[in-house]
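Structure assessment
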Amino acid sequence: QVQLVESGGGLVQAGGSLRLSCAASGSRFMIGAMGWYRQVPGNERELVATITDAGSTNYADSVKGRFTISRDNARVTVTLQMNSLKPEDTAVYYCHAGGRSFSPNLDAWGQGTLVTVSS
């Protein structure tokens, strides 16, 4: 019902910046909160940042002050601006969309985009 496609990943040197974008299609009216998660091989997927449909944000302690999450007024895209990148930020980053109150079963994930930070 909802499809998510991430873009913007790539290779960057430590201290540099990248901007990730996530575009939603399908039943976009069902989407409530959205977020970014990341995962490295052998580790569990972890939360990076979330943003509600009202615009409230939440960040992992490891990225506070460096990353900024935002979404457009139509809530069809969500963006993660990543500054002052560190090698430990290297991971596959996944976009996520949860449902609004009338669609509680929505749990959509993108295919992931790789971010590699070199030292």
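Everything below is about the structure shown above.
Since we're looking at a predicted model, the values are computed, not measured. (Residues numbered from 1 in each chain as written. Predicted model: local features only at pLDDT ≥ 70, side-chain atom pairs only at ≥ 80, totals over all residues. Heavy atoms only, no water.)

**As for the overall build of the protein**
Let me state the cut-off plainly: In this description a helix means any DSSP run of H or I spanning at least four residues, a strand means any run of E spanning at least two, and both kinds are numbered starting from the N terminus. Restricting the calculation to C-alpha atoms gives the radius of gyration, and the globule rule supplies 2.2 Å times the number of residues raised to the power 0.38. Relative accessibility under 20% of the residue-type maximum defines a buried residue, over 50% an exposed one, and the middle range a partly exposed one, all with a 1.4 Å probe and only protein chains included.
Assigned secondary structure in the protein consists of zero helices and eleven strands. The C-alpha radius of gyration of the protein comes to 14 Å, within 12% of the 14 Å expected for a compact globule of 119 residues. Counting only C-alpha atoms, the protein reaches 45 × 25 × 20 Å along its principal axes. Burial status across the protein gives 43% buried among its 119 residues.

**Observations concerning the sheet that holds strand β8 (residues 77-82)**
Note the cut-off: Two strands are said to pair when DSSP picks up at least two bridges between them. Each axis is a line fitted through C-alpha atoms, and for a helix only the stretch in contact is used; angles between axes span 0 to 180 degrees, taken between their N-to-C directions.
Taken together, the four strands give an open sheet; going across it, the order is β1-β3-β8-β7, and neighbouring strands pair in antiparallel fashion. The open sheet is flanked by β1 (2-7) and β7 (67-71), the only strands paired with a single partner. Ignoring strand direction, the axes of neighbouring strands in this sheet form an average angle of 15°. Two elements, strand β3 (residues 18-26) and β8, share six bridges in a ladder whose sense is antiparallel. Opposite Leu20, over in β8, you have Leu80 as the bridge partner.

**Examining the pairing of strand β9 (residues 91-99)**
The element β9 is extensively covered by neighbouring structure, given that seven of its nine residues are classed as buried. The pairing of strand β4 (residues 31-39) with β9 spans seven bridges and is antiparallel. The residue of β9 that forms the bridge with Arg38 is Tyr93. Pairing of β9 with strand β11 (residues 113-118) involves three bridges; the strand directions are antiparallel. By the bridge assignment for β11, Val92 is matched with Leu114. Across three bridges, β9 lies against strand β10 (residues 107-109) in antiparallel orientation. Opposite His96, over in β10, you have Trp109 as the bridge partner.

**A closer look at the pattern of salt bridges**
In a structure, side chains of opposite charge can pair up when their charged atoms sit close to one another. Under the convention used in this document: Salt bridge criterion: a side-chain nitrogen from Lys or Arg within 4 Å of a carboxyl oxygen from Asp or Glu.
A complete count under the given rule lists four salt bridges for this structure. Across the pair Lys64 and Asp61 runs a salt bridge whose closest N-O atoms are separated by 3.0 Å. A relative accessible area of 65% means that Asp61 is categorised as exposed. Members of the salt-bridge network, linked through shared partners, are Arg38, Glu46, Arg66 and Asp89.

**Re the packing of aromatic side chains**
Quick reminder of the rule: Pairing of aromatic rings covers Phe, Tyr and Trp, the last counted by its six-membered ring, and requires centre-to-centre distances within 6.5 Å; plane angles under 30 degrees mean stacked, over 60 mean edge-to-face, and any other angle means tilted. Our definition puts a charge over a ring when NZ of Lys or CZ of Arg is within 6 Å of the ring centre and also within 35 degrees of the ring normal.
Throughout the structure, instances matching the rule amount to one aromatic pair. Seen from the ring of Tyr94, Arg45 lies directly overhead, with NZ or CZ sitting 3.7 Å from the centre. One residue, Arg45, lies across the ring of Trp109, its end atom 4.7 Å from the ring centre.

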